Amino acid sequence: MDKKRRKNNLTYKEMDNAQKTNTLYTVSELINTYDRCGISSKKFQFLKDYGVGYFLKHKFEGLSITIFDVLFEKDLHIEGATSSDFLEMSFLIEGEQIIKIDGISKDLIYESQECYLLYLEHIKGSVSYHKRKRLKEVKVRMSKEFIKRHRLDEEYNILETHSLLKLKENFLKPLCSKTQNILTEILIDKRNGLLKRLFLESKVLELVALKLEDTSKKPKTNHITATDHIVKKLYNIQHLISSDLSKQYSIHDLSRRVGINDFILKKEFKELFGKTIFEYATELRMNRARQLLLHSKKPIYEISELVGYKNSTHFTAAFKKIEGMTPKKYRTKLSSENNLS
């Protein structure tokens, strides 16, 4: 993946007047702490001189999840080194970071809507944040004990394949819609204690599974022409479609939202995802409709609206074209089969 990078002298010139520190704790204060059922949660508020916002840290059994949401008032430059080895996932929902790692010659620009999975072994480096830019990030760290307990290294050799020493600079990937949906669940969750611990562990494993699944897949095409900038926009469109199936977007609506020409949008979306936007959206709608028909007692007209068809007749026709039967017959058939089993 071609990443835009800044020359070292430009990066450090920009950050000459930045507040330098080796930890975010020196520019924040603890405002809340919660310990229950083996999970420790601490919320830190940034000092007013440095930013408006917070970071929230959950720790338990070899797992650490930190959520950042802050608008910095000053440029911030953090230097440090890891004291132990761990597997790290980061999801940058919004913002920009300049990452400098000893042993890697170029600064890396980590941008909004990107993520990575890395095994870090006693590295030294720095991260710089710019003022007046919001930072919204979810960062997960997994200890070797956590990795061993869940057998994450057995089949996929995760510690080697995702080692920073091996990947060097080629580790940033766009956020896919499934990942964004999981992150949204984490960000809005209100559980505490045991339920919080079980929820977070399950979501972290789900995110790891998506990463490993993505790594093991062979590219669908060898001639994808989209640049990184366009790829991120395509993933944004994928998330936009999947996050609310009750809305139907035209190609023109989508292209206007992300700033891509209609023709390029249709062409690059199909190359990246292997299907047209219409095919992708229809597949999601029908999958959701099947779930609602089987697992709910909602009337057909309501299911029709939930999956983006204002007219239930149009929904019935679309469903029958794919399943070979109407939604009503599909529900009756599956209900009968389940009762017999």
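Residues numbered from 1 in each chain as written. Predicted model: local features only at pLDDT ≥ 70, side-chain atom pairs only at ≥ 80, totals over all residues. Heavy atoms only, no water.

A. Structural context of the overall build of the chain. The helix and strand tally for the chain stands at 13 helices and 13 strands. Residue burial in the chain is summarised as follows: out of 341 residues, 46% are buried. Pairs at least 24 residues apart make up 69% of the contacts formed inside the chain by residues separated by at least 6 positions. (Helix = DSSP H or I, 4+ residues; strand = E, 2+ residues; numbered from the N terminus. Buried < 20%, exposed > 50% of the residue type's maximum accessible area, 1.4 Å probe, protein only. Contact = heavy atoms within 4.5 Å.)

B. Structural view of the sheet that holds strand 10 (residues 114-120). Strand order across the open sheet formed by eight strands is 2-3-4-5-12-7-10-13, with antiparallel pairing between neighbours. Because the sheet does not close on itself, it has two edges, and the strands there are strand 2 (28-36) and strand 13 (173-174). Of the strands in this sheet, strand 5 (63-72), strand 7 (86-94) and strand 12 (134-142) touch helix 5 (residues 177-188), which is tilted by about 90 degrees from strand 7. (Pairing = 2+ DSSP bridges. Axes fitted to C-alpha atoms, helices over the stretch in contact; angles between N-to-C directions.)

C. Region of the structure containing the confidence of the model for the chain. Residue-level pLDDT values for the chain average 86, and 89% of them are 70 or greater. Helix 1 (residues 8-14) is the least confidently modelled element of the chain, averaging 41 in pLDDT, while strand 3 (residues 39-46) averages 97, the highest of any element. Confidence drops under a pLDDT of 50 for residues 1-15, and excluding neighbours within four residues, the segment shows 44 contacts in the predicted structure. Across residues 219-225, where pLDDT falls below 50, the model places ten contacts with residues more than four positions away in sequence or in other chains. (pLDDT = per-residue confidence, 0-100.)

D. Representation of the packing of helix 8 (residues 251-258) against helix 9 (residues 262-273) within the structure. Here helix 8 crosses helix 9 at 95 degrees, and the two axes come no closer than 9 Å. Classified by the angle between their axes, helix 8 and helix 9 sit roughly perpendicular to one another. In this structure, helix 8 uses Ile251, His252, Leu254 and Ser255 to contact helix 9, whose residues at the interface are Asp262, Leu265 and Lys266. Class assignment of the residues belonging to the contact of helix 8 with helix 9 gives a composition of three nonpolar, two polar and two charged. (Parallel < 35°, antiparallel > 145°, perpendicular 65-115°, else oblique. Nonpolar A, V, L, I, M, F, W, Y, C, P; charged D, E, K, R; others polar.)

E. A look at the sheet that holds strand 8 (residues 96-101). Across the sheet, which stays open at both edges, the five strands sit in the order 1-6-11-8-9 with mixed pairing between neighbours. The open sheet has two edge strands, strand 1 (19-21) and strand 9 (108-111), and neither has a second partner. Adjacent strand axes in the sheet meet at a mean angle of 20 degrees, parallel and antiparallel pairs treated alike. Summarising the sheet, strand 8 and strand 9 pair through four bridges and their orientation is antiparallel. Looking at strand 9, one finds that isoleucine 99 is bridged to leucine 108.

F. Local environment of the pattern of salt bridges. This structure, assessed with the given rule, holds 20 salt bridges. A salt bridge links glutamate 302 to lysine 298; the shortest N-O distance between them is 3.4 Å. Lysine 298 sits in the partly exposed class, given a relative accessible area of 29%. Salt bridges here are not isolated pairs; linked through shared partners, they connect Asp69, Glu94 and Arg134. (Salt bridge = Lys/Arg side-chain N within 4 Å of Asp/Glu carboxyl O.)

G. Representation of the packing of aromatic side chains. Going through the model one piece at a time under the given rule, you end up with 16 aromatic pairs. Note on tyrosine 110 and tyrosine 116: the rings are 5.3 Å apart at their centroids and 50 degrees apart in plane angle, and the pair reads as tilted. Each member of the pair, tyrosine 110 together with tyrosine 116, is buried. Ring geometry for phenylalanine 319 and tyrosine 330: centres 5.2 Å apart, planes at 80 degrees, overall edge-to-face. Here phenylalanine 319 is found in helix 12 (residues 312-323), whereas its partner tyrosine 330 is found in helix 13 (residues 327-340), with eleven residues between them in sequence. (Phe/Tyr/Trp six-rings, centres within 6.5 Å; stacked < 30°, edge-to-face > 60°.)

H. Molecular detail of the layout of surface pockets. Empty space within the second largest pocket amounts to approximately 1200 Å³. Tallying contributions element by element places strand 11 (residues 124-129) first for the lining of the second largest pocket, with five residues. When the residues that make up the lining of the second largest pocket are grouped by side-chain class, the tally is 21 nonpolar, 13 polar and eleven charged. (1 Å grid on protein atoms, 1.4 Å probe; cavity = no way out; pocket = protein on both sides within 12 Å on 5 of 7 lines; lining within 4 Å. Points joined across faces, edges and corners; volume = space filled by probe spheres on them.)

I. Highlighting the packing of helix 10 (residues 277-295) against helix 12. Packing of helix 10 against helix 12 brings their axes to within 11 Å, and their N-to-C directions diverge by 95 degrees. One way to sum up the angle between helix 10 and helix 12 is to call them roughly perpendicular. Contacts from Thr282, Met286, Ala289, Arg290 and Leu293 of helix 10 reach helix 12 at Phe315, Ala318, Phe319, Ile322 and Glu323. Grouping the amino acids of the contact of helix 10 with helix 12 by side-chain chemistry returns seven nonpolar, one polar and two charged.

J. Highlighting the environment of phenylalanine 273. Residue placement: phenylalanine 273 occurs in helix 9. Along the primary structure phenylalanine 273 and glutamine 238 are separated by 35 residues, whereas in three dimensions their C-alpha atoms are 9.2 Å apart.

K. Looking closely at the pairing of strand 12. Sheet topology places strand 5 next to strand 12; nine bridges connect them, and they run antiparallel. Paired with valine 70 across the strands is leucine 135, a residue of strand 12. Pairing of strand 7 with strand 12 involves seven bridges; the strand directions are antiparallel. From the neighbouring strand, glutamate 88 faces strand 12, where its bridge partner is arginine 141.

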